[in-house]
Amino acid sequence: MTVFYLHRPDDETPKGLRVGFTVGKVLGGAVQRNRMKRRLREAVRLAVQPDLAVDVVVNPKKSVLDAEFTQLQSELKRAFEVIQHSAGARGK
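1. Focus on the overall build of the chain
Here is step 1 of the chain: Along its length, the chain carries two helices and three strands.
Here is step 2 of the chain: When the helices and strands of the chain are read in sequence order from the N terminus, they spell out β-β-α-β-α.
Here is step 3 of the chain: When the backbone C-alpha atoms are referred to their principal axes, the chain occupies close to 45 × 25 × 20 Å.
Here is step 4 of the chain: For the chain, with 92 residues in total, the buried portion stands at 34%.
Here is step 5 of the chain: A separation of at least 24 residues holds for 84% of the contacts in the chain among residues at least 6 apart in sequence.

Dropping the structure here:
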């Protein structure tokens with residue numbers, strides 16, 4: 001999967017992390033696409049999320065359907081760590 005992010009200005013509302021998913025028709029039928037989104041939403045919910053003003057877009061690949069849930073969680077956790085590290089570098 002590919003993860004894009006953009007830091008929002010501190011004065012802009014709402015505070016906190018906003019996450020969206022782009023799951024196009026090329027990834028399968030409606031049932032498969034919805035299953036991908038459900039799995040990703042749950043993985044994001046369970047991941048330790050940074051308390052930052054950031055917009056995140058997750059663009060999954062077809063392999064997300066067959067991937068183990070723990071693998072999804074670790075990939076998203078790693079992405080959030082990179083985002084948090086990037087925010088720390090911005091603050092310096």
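2. Remarks on the environment of glycine 24
Here is step 1 of the chain: Note on placement: glycine 24 falls in the loop between strand S2 (17-21) and helix H1 (30-46).
Here is step 2 of the chain: Look at glycine 24 and you get partly exposed, because its relative accessible area is 34%.
Here is step 3 of the chain: Remark: the alpha-carbon pair of glycine 24 and histidine 7, spanning 17 residues in sequence, is separated by 25 Å.

3. Some details on the environment of proline 60
Here is step 1 of the chain: For proline 60, the position within the fold is in the loop between strand S3 (54-59) and helix H2 (69-91).
Here is step 2 of the chain: Distance in space between the C-alpha atoms of proline 60 and valine 23 is 6.7 Å, their sequence separation being 37 residues.
Here is step 3 of the chain: Leave out the neighbours within four places in its chain, and proline 60 touches Met1, Thr22, Val23, Leu27, Met36 and Leu40.

4. Digging into the sheet that holds S3
Through backbone hydrogen bonds, the strands of a sheet pair up, either in parallel or in antiparallel fashion.
Here is step 1 of the chain: Strand order in the open sheet made by the three strands is S1-S3-S2, with mixed pairing throughout. The open sheet has two edge strands with one neighbour each: strand S1 (2-7) and S2. Between one strand axis and the next, the sheet turns by 20 degrees as a mean value, whatever way the strands run.
Here is step 2 of the chain: Bridge count between S1 and S3: six bridges; the pairing is antiparallel. From the neighbouring strand, histidine 7 faces S3, where its bridge partner is valine 54.

5. Quick look at H1
Here is step 1 of the chain: Between its first and last C-alpha atoms H1 spans 24 Å; for 17 residues at 1.5 Å apiece the expected length is 24 Å, and the two agree.
Here is step 2 of the chain: Along H1, the residues classified as buried are Arg33, Met36, Arg39, Leu40, Ala43 and Val44. Burial along H1 is one-sided: seen end-on, the buried residues are contained in an arc of 135 degrees. Residues of H1 that are exposed and angled more than 90 degrees away from the buried face: Val31 and Arg45.

Calculation notes
Residues numbered from 1 in each chain as written. Predicted model: local features only at pLDDT ≥ 70, side-chain atom pairs only at ≥ 80, totals over all residues. Heavy atoms only, no water. Helix = DSSP H or I, 4+ residues; strand = E, 2+ residues; numbered from the N terminus. Buried < 20%, exposed > 50% of the residue type's maximum accessible area, 1.4 Å probe, protein only. Contact = heavy atoms within 4.5 Å. Pairing = 2+ DSSP bridges. Axes fitted to C-alpha atoms, helices over the stretch in contact; angles between N-to-C directions. Expected span 1.5 Å × (residues − 1). Arc of directions from axis to C-beta.

So yeah, pure geometry; function would need other evidence.
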